[in-house]
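The chain contents come next:
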Amino acid sequence: MNIHIFDSGEQLDEAAAETICGFIRAKPGAVLGLATGETPLGIYRKLAEKFREGLISFRQVTTFNLDEYVNLPEDHPESYHAYMRRHLFDHIDLPPSRAHLPCGNAADLAAECQRYDALIEEAGGIDLQMLGIGHNGHIGFNEPGRELAAGTHVVRLAPETRRANARFFGSIDEVPERAVTMGVGTILKARLILLIAKGADKADIVRRALTGPITTECPASLLQTHPRLVVLLDRAAAKALGTAG
Ligand code: PGA
């Protein structure tokens, strides 16, 4: 595991965007796993900026997002389809046909999960997976529990996840109760994982995930087993680690 600690969120965003661009320059047809939430926003801004400046093209890239809410219309502003368009896809040259998210409105969600896994497989698996981390240690929407699923599946969101995401909706009652998420098996098969966390409120879970026991009760702790895990933290998120200085 490689941990990088940045003095500012802005420096972290720049480093993450540069890592992603460097990866694409080396492999123009790269398959990227993308995340949503607050953490990647600055990185997406930087990627759009670099595209505008002619420094990078996404023309041959394929993307797979980690998750999507169940039963939230795709044009709802808080759907991850809408989020991705607003924050990244509308600003770069990624062909829409190669930008994939699971469909949370499929009539047959089990079939949709299988379709998504098959698509990832067909694309050759994920080269670089970007991940945020939930306060409870979730990655994607793989919530803590006695067991975890390997492939794409439907989850019931943990109460703390719905509470955390209520800030994006009017109230907690409007946060969907279920989501479709990529499983930890698929995530761990990514060739390179970029785990990103910002802010003091993430310090404790970052410490548990990176230095605590490997347990399904903290899904992010499974990342300790990955051979190419790069962790990007701002000082606040790193402050519970011994290395924070
Ligand atoms: P956040 O979410 O980036 O909005 O903090 C991270 C996550 O829940 O995975």
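Here, the structure is the one placed above.
Presented here is a report on the structure given in the accompanying data block. Keep in mind it's a predicted model, so treat the numbers as computed, not measured. (Residues numbered from 1 in each chain as written. Predicted model: local features only at pLDDT ≥ 70, side-chain atom pairs only at ≥ 80, totals over all residues. Heavy atoms only, no water.)

## Remarks on the packing of aromatic side chains
Under the definition given, this model contains seven aromatic pairs. For the pair Tyr69 and Tyr80, a centre-to-centre distance of 4.8 Å together with 35 degrees between the ring planes defines the contact as tilted. Of the two residues, Tyr69 is situated in strand E4 (residues 67-69) and Tyr80 in helix H3 (residues 80-87); the sequence distance between them amounts to eleven residues. Per residue, the accessibility class of Tyr69 equals that of Tyr80, and both read buried. Geometrically, the ring pair formed by Tyr69 and Phe169 is edge-to-face, given 5.6 Å between the ring centres and 85 degrees between the ring planes. Of this pair, Tyr69 sits in strand E4 while Phe169 sits in the loop between helix H5 (159-165) and strand E8 (178-181), and the two are 100 residues apart along the sequence. The exposure class of Phe169 is buried, given its relative accessible area of 8%. In textbook terms, an aromatic cluster arises when at least three aromatic residues are bridged by ring pairs, as seen for Tyr44, Tyr69, Tyr80, Tyr83, Phe141 and Phe169. (Phe/Tyr/Trp six-rings, centres within 6.5 Å; stacked < 30°, edge-to-face > 60°. Helix = DSSP H or I, 4+ residues; strand = E, 2+ residues; numbered from the N terminus. Buried < 20%, exposed > 50% of the residue type's maximum accessible area, 1.4 Å probe, protein only.)

## Focus on the pattern of salt bridges
Tallied over the full model, the rule gives 14 salt bridges. Where Glu18 meets Arg25, a salt bridge forms, and the shortest distance between an N and an O atom there is 3.5 Å. Judged by relative accessible area, Glu18 falls into the partly exposed class, the value being 33%. Within the structure, one salt-bridge network assembled from shared partners comprises Glu10, Glu14, Glu18, Arg25, Lys46 and Lys50. (Salt bridge = Lys/Arg side-chain N within 4 Å of Asp/Glu carboxyl O.)

## Quick look at the nonpolar core
The biggest cluster of nonpolar side chains holds 42 residues, and the ones touching the most others in it are Ile20 and Leu47. At the level of elements, helix H1 (9-26), strand E2 (31-34), helix H2 (41-52), H3, strand E6 (128-131), strand E9 (192-197) and strand E10 (229-234) are the ones that each hand at least two residues to this core. Ranked by residue count, the leading element in this core is H1, at seven residues. Of all hydrophobic cores here, the second largest spans 32 residues; its members include Met182, Ala190, Val206 and Ala238. (Core = buried A, V, L, I, M, F, W, Y, C linked by side-chain atoms within 4.5 Å.)

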